[in-house]
Amino acid sequence: MFLALLLSALVVALVVIGLFVFGLRRRLIQRSGGTFDCSLRWNVPEEGDTSGKGWVYGVARYSGDQVGWFRVFSYAPRPRRVLERASIEVLDRRMPEGEEELALLSDSVVLGCLHRGTRLELAMSEDALTGFLAWLEAAPPGQRVNVA
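As the structure is a prediction and not an experimental result, all values here were calculated from the model. (Residues numbered from 1 in each chain as written. Predicted model: local features only at pLDDT ≥ 70, side-chain atom pairs only at ≥ 80, totals over all residues. Heavy atoms only, no water.)

What follows deals with helix α3 (residues 126–137). Taking 1.5 Å of rise per residue, the twelve residues of α3 would be expected to cover 16 Å, and the 17 Å separating its terminal C-alpha atoms lies within 8% of that figure. When α3 is considered as a whole, its buried residues turn out to be Ala-128, Leu-129, Phe-132, Leu-133, Trp-135 and Leu-136. Taken down its axis, α3 places every buried residue within 155 degrees of arc, on the same side. Among the exposed residues of α3, those oriented more than 90 degrees off its buried face are Asp-127 and Glu-137. (Helix = DSSP H or I, 4+ residues; strand = E, 2+ residues; numbered from the N terminus. Expected span 1.5 Å × (residues − 1). Buried < 20%, exposed > 50% of the residue type's maximum accessible area, 1.4 Å probe, protein only. Arc of directions from axis to C-beta.)

Laid out in structure tokens, this is it:
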């Protein structure tokens, strides 16, 4: 009986510690500022896909001429993807369609992009989209910016 109780307490403690570290990681990512909620879909087919598959919820953070994208449900301290401002080409902008509406946050706008030959989609709020497009257009003189 004592062993079962000890194991149960250990499992509960590990879950609580895991959740604490999970929350601490998010606070550390957001601490430096310039973050916004952003879902990402990498390697999207050119004909488009509104099935809702492939979307991963995350947090993006501006860092100079880069945007680092972190998965929300991860313990990794580094961004999963890094998008460089000079390599981002905006292709289109649209509202979520079909099953995408269930996979994304309610106020999301989908931005189709090309980054170093890889087609990707970013879904963010209208306010975050305005900031993202302003960040893209605020490139230093001499850098090309491709915003559709």
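Right, picking up where we left off after that structure.
Another aspect to go through is the pattern of salt bridges. Two side chains that carry opposite charge are able to pair once their charged atoms sit near each other. Summed over all chains, the structure comprises seven salt bridges. Residues Arg-93 and Glu-126 are paired through a salt bridge, measuring 2.3 Å at the closest nitrogen-oxygen approach. One end of the pair, Arg-93, is in strand β6 (residues 88–94); the other, Glu-126, is in helix α3, and 33 residues separate them in sequence. Between Arg-94 and Glu-100 there is a salt bridge whose closest N-O contact spans 2.7 Å. By the burial criterion, Arg-94 is buried, and Glu-100 matches it. A cluster of three or more residues bridged by salt bridges with shared partners is formed by Arg-41, Arg-94, Glu-100 and Glu-121. (Salt bridge = Lys/Arg side-chain N within 4 Å of Asp/Glu carboxyl O.)

One open sheet holds the four strands; their spatial order is β2-β8-β7-β6, and the pairing between them is antiparallel. The strands lining the two open edges of the sheet, one partner per strand, are β2 (39–42) and β6. Within the sheet, the average angular offset between the axes of one strand and its neighbour, ignoring direction, is 25 degrees. Two strands pair when backbone bridges link them, and β2 and strand β8 (residues 118–125) are joined in this way by four bridges, in the antiparallel orientation. Looking across to β8, one finds that Ser-39 is bridged to Ala-123. (Pairing = 2+ DSSP bridges. Axes fitted to C-alpha atoms, helices over the stretch in contact; angles between N-to-C directions.)

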